[in-house]
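Coordinate inspection notes
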Amino acid sequence: MRLARVIVVVVLAALASVYVVAGAPIALAVFGVQVLYLLKLRTWWLLSTQALLVYTASLAGGVSTGILGFLAGSLLLTPAHRDTARVLAPFVVASAALIDAARGGATADATITVILVSLVVFGLTRLVERAGEMHAARLSLAAAAVAAERLRLAAELNDGLGRSLEVIVEGGRRALAEPDGAAEVLASVTATARAALADARAASANYRATSLAPELVTARAMLDAAGIAVEVRGGHTEPLGPGGALLANVLREAVTDVVRRGTPRLCVIETSEQGDERGNTVRLRVVDDGHRTAEGPDFDGLRLEEAGGTLTTGLSPSGRFVVEATLPRGPSTEAAPSQAGAGEAGAGGTGAGGMGAGDAHAPEFSAGRRRRRPLPKLAHDASYAMSVAVLAAVLVGFSAKTLLQLDGPLAIPAAACLAVIVVMQLRSVNGRHMVALTVMAVLTYAPIPVFGPVWLGAAGFLAGPVLLAFPWRAAWPTTAAIVASVAAAGMLFGLPAPVLANSTLSALVTGLVVYALLRLAQIVKELQAARESLARAAIVEERLRAARDLHDLLGHSLAAILLTCELARRLKCPRERIKEIVVMAEGARADLRSVSGEQRELSLAAEVESARTVLSAAGIRVTVEQAELHLPAEVETVLGTVLREAVTNVLRHSEARHCAITMRADERGLRLRVRNDGVSAGKTRRGSSGIGNLTTRLAALDGRLASHVDGDRFTLDACVPHRAPVPAQM
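None of the values given here were measured: they were computed from a predicted structure.

Scoring rules and cut-offs
Residues numbered from 1 in each chain as written. Predicted model: local features only at pLDDT ≥ 70, side-chain atom pairs only at ≥ 80, totals over all residues. Heavy atoms only, no water. Helix = DSSP H or I, 4+ residues; strand = E, 2+ residues; numbered from the N terminus. Buried < 20%, exposed > 50% of the residue type's maximum accessible area, 1.4 Å probe, protein only. Contact = heavy atoms within 4.5 Å. pLDDT = per-residue confidence, 0-100. Phe/Tyr/Trp six-rings, centres within 6.5 Å; stacked < 30°, edge-to-face > 60°. Expected span 1.5 Å × (residues − 1). Arc of directions from axis to C-beta. Pairing = 2+ DSSP bridges. Axes fitted to C-alpha atoms, helices over the stretch in contact; angles between N-to-C directions. Parallel < 35°, antiparallel > 145°, perpendicular 65-115°, else oblique. Left-handed = near helix turned anticlockwise from the far one by under 90°. Nonpolar A, V, L, I, M, F, W, Y, C, P; charged D, E, K, R; others polar. Salt bridge = Lys/Arg side-chain N within 4 Å of Asp/Glu carboxyl O. Patch = residues over 30% accessible without salt bridge, like charges linked within 9 Å, V, L, I, M, F, W, Y side chains within 5 Å. Areas by Shrake-Rupley, 256 points an atom, 1.4 Å probe, with all protein chains shown as cover.

For the protein, the count of helices and strands is 21 helices and twelve strands. Counting all 730 residues of the protein, 54% fall into the buried class. Put simply, 75% of the contacts in the protein that link residues at least 6 apart link residues at least 24 apart.

Attention shifts here to the confidence of the model for the protein. On average, residues of the protein score 78 in pLDDT, and 83% of them are at 70 or above. Scored below 50 in pLDDT, residues 331–380 shows 173 contacts in the model against residues more than four places distant or in partner chains. Note on residues 724–730: pLDDT is under 50 here. Beyond four places in sequence and across chains, it has 13 contacts.

Take the packing of aromatic side chains next. Here the structure, examined in full by the defined rule, presents four aromatic pairs. Judged by centre distance (6.2 Å) and plane angle (70°), the ring pair of F398 and F461 falls under edge-to-face. Pair noted here: F398 is in helix α11 (residues 383–404) and F461 is in helix α15 (residues 459–469), with a separation of 63 residues, a long-range link. When the centroid spacing of 6.0 Å and the interplanar angle of 70° are considered together, the rings of W472 and Y515 count as edge-to-face. With W472 in helix α16 (residues 472–492) and Y515 in helix α17 (residues 497–570), the pair connects residues that are 43 residues apart, well separated along the chain. Aromatic ring contacts, followed pair by pair, group W472, W476 and Y515 into a single cluster.

Now for helix α13 (residues 434–445). In this model α13 runs 17 Å from its N-terminal to its C-terminal C-alpha over twelve residues, within 8% of the 16 Å that 1.5 Å per residue would give. Among the residues of α13, A436, L437, M440, L443 and T444 are the ones counted as buried. Axial view of α13: buried residues confined to an arc of 130°, hence all on one face. In this structure, the buried residues of α13 make contact with α12 (408–427), α14 (448–451) and α15.

A separate point is the sheet that holds strand β9 (residues 669–676). Read from one edge to the other, the open sheet built from five strands follows the order β6-β8-β9-β11-β10, with strand pairing classed as mixed. A single partner strand is all that each edge strand has here, and the edge strands are β6 (621–625) and β10 (704–710). Taking the axes of each pair of neighbouring strands and ignoring which way they run, one obtains an average angle of 10° across the sheet. Of the strands in this sheet, β8 (658–666), β9 and β11 (713–720) touch helix α20 (residues 633–653), which is tilted by about 10° from β9.

A word on the side chain of E607. Structurally, E607 is set in helix α19 (residues 604–617). Overall, the relative accessible area of 9% leaves E607 in the buried class. The residues touching E607, leaving out its near neighbours within four places in the chain, are L602, G640, L643 and R644.

Another aspect to go through is the side chain of T125. As for its position among the elements, T125 is in helix α6 (residues 107–136). Residue T125 is classed as buried on the basis of its relative accessible area, which comes to 1%. Residues within four places of T125 in sequence aside, it is in contact with Y37, L38, R42 and L77.

Inspection of the secondary structure puts P90 in helix α5 (residues 82–103). Residues P90 and L76, 14 residues apart in the sequence, show an inter-C-alpha distance of 10.0 Å.

Moving on: the pairing of β11. Burial of β11 is extensive: six of the eight residues sit out of reach of the surface. In the sheet, β9 pairs with β11 via seven bridges, with the strands oriented antiparallel. What sits directly across from V674, in β11, is L716. Note: β10 against β11, seven bridges, orientation antiparallel. Bridge assignment links D710 to a residue of β11, and that residue is R713. Turn length for the β10-β11 hairpin, with the two strands adjacent in sequence and antiparallel, is two residues, and the turn residue G711 shows positive phi of about 70°.

Before going further, it helps to spend a moment on the pairing of β9. Pairing of β8 with β9 involves eight bridges; the strand directions are antiparallel. When the sheet's bridge partners are listed, M663 is paired in β9 with L672.

A separate point is the packing of helix α1 (residues 2–21) against helix α2 (residues 26–38). Axis separation between α1 and α2 bottoms out at 9 Å; the angle between their running directions is 160°. By the criterion of interaxial angle, the relationship of α1 to α2 is roughly antiparallel. Two packed elements cross with a definite hand, and for α1 against α2 that hand is right-handed. In this structure, α1 uses R5, V8, V9, L12, A13, A16, Y19 and V20 to contact α2, whose residues at the interface are A27, L28, F31, Q34 and L38. In terms of residue class, the contact of α1 with α2 is made up of eleven nonpolar, one polar and one charged.

Before going further, it helps to examine α16. Note on helix geometry: an α-helix contains 3.6 residues per turn, so any two residues three or four positions apart are oriented the same way. With 21 residues, α16 should cover 30 Å at 1.5 Å per step; its first-to-last C-alpha distance of 30 Å lies within 8% of that length. Downstream of α16 by one or two residues, G494 has phi in the positive range, about 75°.

Let us look at the pattern of salt bridges. Tallied over the full model, the rule gives 16 salt bridges. With a closest N to O distance of 2.7 Å, R126 and E129 form a salt bridge. Residue R126 and its partner E129 are located together in helix α6, separated by three residues, close to a single helical turn. On the accessibility criterion, E129 (8% relative accessible area) is buried. One salt bridge connects E566 with R194, and the closest N-O pair in it is separated by 3.0 Å. Remark: R194 occurs in helix α8 (residues 182–208) and E566 occurs in helix α17; sequence separation between them is 372 residues. Within the structure, one salt-bridge network assembled from shared partners comprises R173, E586 and R589.

Orientation of α19 relative to α20, taken along the N-to-C sense of each, is 10°, at an axis distance of 9 Å. Our classification of the angle between α19 and α20 gives roughly parallel. Contacts between α19 and α20 involve L604, A605, E607, V608, A611, V614 and L615 on the former and, on the latter, E636, L639, G640, L643, R644, V647, V650 and L651. A per-class count over the contact of α19 with α20 returns eleven nonpolar, one polar and three charged.

Attention now moves to a nonpolar patch on the surface. A cluster of nonpolar side chains, contributed by W44, V87, L88 and F91, occupies part of the molecular surface with about 380 Å² of accessible area. It is α5 that contributes the most residues to the nonpolar patch, three residues altogether. Here W44 lies in helix α3 (residues 44–60).

What follows deals with the environment of V167. Within the secondary structure, V167 sits in helix α7 (residues 138–177). Along the chain, V167 and S188 lie 21 residues apart, while their C-alpha atoms are 9.2 Å from each other.

What follows is the structure in structure tokens.
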């Protein structure tokens, strides 16, 4: 924003300098008032001061009536009684025409000059204001986008999972009230719990599918834990859409293969975007130095070709193994959501911490009844359109001034040349166009012998884009050469010294005005794109948070409910188990609210007792070594989530007979370890997202997660550093 204000101040100073050079030092005071207007010091007394200055300069000092444009621009900017100001601005323009007519001058030219100066003053100042407003509103826009996304998530989840939890609670209460029909009710509740758990996992996978970021975090954690140096170079923008799930599957399988081999010393993961005539393409490359042959991991079932993508593997000329996948961002990836993996981190599921490559047929959320909506369309800001409109008006005004000075037969070809220049100028808003710059250069110098010294003003049209197209070290010398060429041509035409000075300075001022309008138009567009990108990124992050909570919190609760339902159905007198089902379903409702955006803090002690109860109910012997500490709430919440995930994995992915939960504190922080037996050797799982979720949660607290398999035992270690753990008072 500072750059934008500097640009405007320089242009206003350049405009004022034209009148100072013409012998009106009072223009410096007018410039000072205009700077105050730029700083939003806008009062009627200041406006009256400016009116006194410009009319004194014009009437008493004989200065060109163009200086009245400063007053007209200020009137358009005045916030108080804006309607009155807008009425007065045309009167200022009309008064300039009357003054010039009384002097016997060119009334049309004077009128256009006043209008141009007022447009420049108004347009530049308003663009700076709008840019500032857009910059200040970027966070509120992101917050609004997140709030809207939370409402959408809440409505979607409450409609599906919320209704299922209500059925489970009501069914449990009915089974307690009617013991004779409990078996039938429990069968229905069990089926509902099983379907709800499948829906929660599918929804978690779908929310993750638009982003590759969680898988990059998981990949880094896996490679770090395996002692492999890793470099991650992210060059893509999110959200990726459903195709993100396919690329995530490729990344999981490639990194799992690297860890499984155990020989690489370095792995480089790189993402990038490319654009061509077919649209934007996202590329993922995984390179490692541990392969001795071209034999690579098995990517069967990923079906990138069906989504319009490509997948290649092989040794590079330098002997490194490369996995490269490309996928279009467009609609061709819409067939891909079912590729998203929906599993959890394997408690011994894989030797590398449970990171697989995605189930080939994960169910759609709510059994395919609802498709997840795309990103909400963000409102298009009118600032960019205003900036282009002001630029076009100023260019047309400058062109009209030139045409007024030409004879009739030359006006038509001159108008055609100026029309081409204006079009090329407007194209310059959207980037650096060397062809357009070349065309403008030709149309600036080639017609001079035909149109004479009148055409020297066209050099200002060329100077503006030159300042925009090149770095400063090249732009300023080139602009200086353009201005010098105007002076040289004027000398060849034999222009009087005052006219020559005016033409040369006018070319420079015109170039600065054009540059300022072009640059501010670009700044407005960049700010608009940046704030919308920020809002999209915030929405993606909110979806990832919801996916983590669905997986780690609600998934655990539903898995525990399902396990208890199945146990209750085997008992002759399941009353106590049914009570547990009702209590857990009520707790799952709180988890659902947390997924929908309500902050919920977990108690680590309560999670330990819950883990003991759930594991014992499954016939698993549990030993707990618990450190009594006063922990920060965020630490308890994260470690409680880690424990939930670990317990869920013990139940789902092992045949454990014993599970040990250990917590130890030292000066470095708190370490939570969950160790279980019953892991099948060589058993692997695909589509795991639990390790990525937990790694992301711990990383927010500068913590680390590690996992490893030793024979039939799986160990999950989470370490969270925090300041001086304080022993709890007994």
